[in-house]
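What follows is each chain in one-letter form.
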Amino acid sequence: MTKPDYAAAEGSAHRLLEKYALNSLPVDLERIFNAFSNLQIKTYTWFAEFHRVTIDDVIEIADSEHGCCWYMSDKCQYMILYNDTIPNIGRIRWTIAHELGHYRLKHNEKSDKTIISRSRLSKHEYDVLEKEANCFARALLAPSSVLVALGRLDVMLISDMCRISFEAAGNVMSFLKKGFEMGRVYTENRLTSLFSKTIFNHVYAHTCTECRSVFASEICYFCPVCGSDSIIKGRSLNNMIYSGFETDENSRVKVCARCENEEVSNQGEYCKVCAAPVVNKCTNIHRDINGYIEWECGTLASGNARYCINCGEETVFFKKGLLKSWNSVIEEERQLAELEAVFAELKV
């Protein structure tokens, strides 16, 4: 154990992303919590309650304020413990990914230690294992090629998109800058293909200044939610999320928007149970004097689109009443907020 094997750590993290199709930012760590038969991931609070001790006791047992990877060699079982009382979800996510790195890289077995800690290893051994685990965490939560593909980066953006602490985001930014200075080139690869949707949604993000919705499109002239042409390039922080229906790449719903029929045929544009439209697209059609179609827009639309982004006409889902107008959604949320405030006062 002379120096950190960064290639092995990064490769292990990337294989994990691919194996479990973790293809969006922030990476959903909970999807792999139960993926390994010999690993449990538990909180300090759980451990304290189970063993009837305090959080401070757990910190002392784990020899860490943040978390540890506990190896039970007689059972060949692992347990990752993380301090859920820390008021920084980004720091918690990094801790889990870091300890997962110790597990995946078999650091406990290689060092023959129950817990990887400064007091149980020599300074050199500890530094090597910690650097590898941090490399794993960075490659898992903030994969370099994916971040570079997003375009212009800053610490705030990395922290927000990867859901890691501002400090960790700063370290990631420094790592990327150092790589550029050393001539490292980040090209399209399997990871950028895996995260293609996330990259597209960021690079081609637009914000409507009227209804505050955010959407992604290479070319657009109108907001898909309110139909306004007051759209700007980029993603606003103060945005509004408008619900809709989950659709595939062909704008076809996976479940009927009206009757919730799950057997939506791949052929035809209407539900076989209730005749509701199952494909959302623009309704702009021009007919001649005899009623024959001269031309139609036909632009496919997202599951929450009320208007066509190319011509501004209503979509099928909105015209058929499957989607509410954007201002009625705003009004409903306002009324709900008022009711919640009233209930909160009553409880007091």
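Refer to the structure printed above.
Quick summary incoming for the structure in this document. (Residues numbered from 1 in each chain as written. Predicted model: local features only at pLDDT ≥ 70, side-chain atom pairs only at ≥ 80, totals over all residues. Heavy atoms only, no water.)

### With respect to the pattern of salt bridges
Side chains that carry opposite charge are capable of pairing whenever their charged atoms lie near each other. In this structure the tally under the stated criterion is 8 salt bridges. Lys123 serves as the salt-bridge partner of Asp127, at 2.9 Å between the closest nitrogen and oxygen. Of this pair, Asp127 and Lys123 both sit in helix α6 (residues 123-141), 4 residues apart, which is roughly one turn of that helix. In this structure Asp127 comes out as partly exposed when scored by relative accessible area, which is 25%. For Glu332, the salt bridge goes to Lys324, with nearest N and O atoms at 2.9 Å. On the basis of relative accessible area, Glu332 is assigned to the partly exposed category, the value being 40%. (Salt bridge = Lys/Arg side-chain N within 4 Å of Asp/Glu carboxyl O. Helix = DSSP H or I, 4+ residues; strand = E, 2+ residues; numbered from the N terminus. Buried < 20%, exposed > 50% of the residue type's maximum accessible area, 1.4 Å probe, protein only.)

### Structural notes on empty space enclosed by the protein
Overall, the coordinates contain 1 cavity of 30 Å³ or more when judged by the stated rule. Computed from the structure, the largest cavity encloses a volume of approximately 30 Å³. If you trace the largest cavity, you find it lined by Asn261, Glu263, Val264, Ser265, Tyr270, Cys271, Lys272 and Val278. Residues of the lining of the largest cavity, tallied by class, amount to 4 nonpolar, 2 polar and 2 charged. (1 Å grid on protein atoms, 1.4 Å probe; cavity = no way out; pocket = protein on both sides within 12 Å on 5 of 7 lines; lining within 4 Å. Points joined across faces, edges and corners; volume = space filled by probe spheres on them. Nonpolar A, V, L, I, M, F, W, Y, C, P; charged D, E, K, R; others polar.)

### Details of the state of the cysteines
A covalent bond between the sulfur atoms of two cysteines is what we call a disulfide. Counting across every chain of the model gives 0 disulfides. Here Cys76 stays unpaired: no disulfide links it, and the sulfur of Cys69, its closest cysteine neighbor, is 12 Å away. Here Cys271 stays free of any disulfide, with the sulfur of Cys259 as its closest cysteine sulfur at 3.7 Å. Residue Cys271 is classed as buried on the basis of its relative accessible area, which comes to 5%. (Disulfide = S-S within 2.5 Å.)

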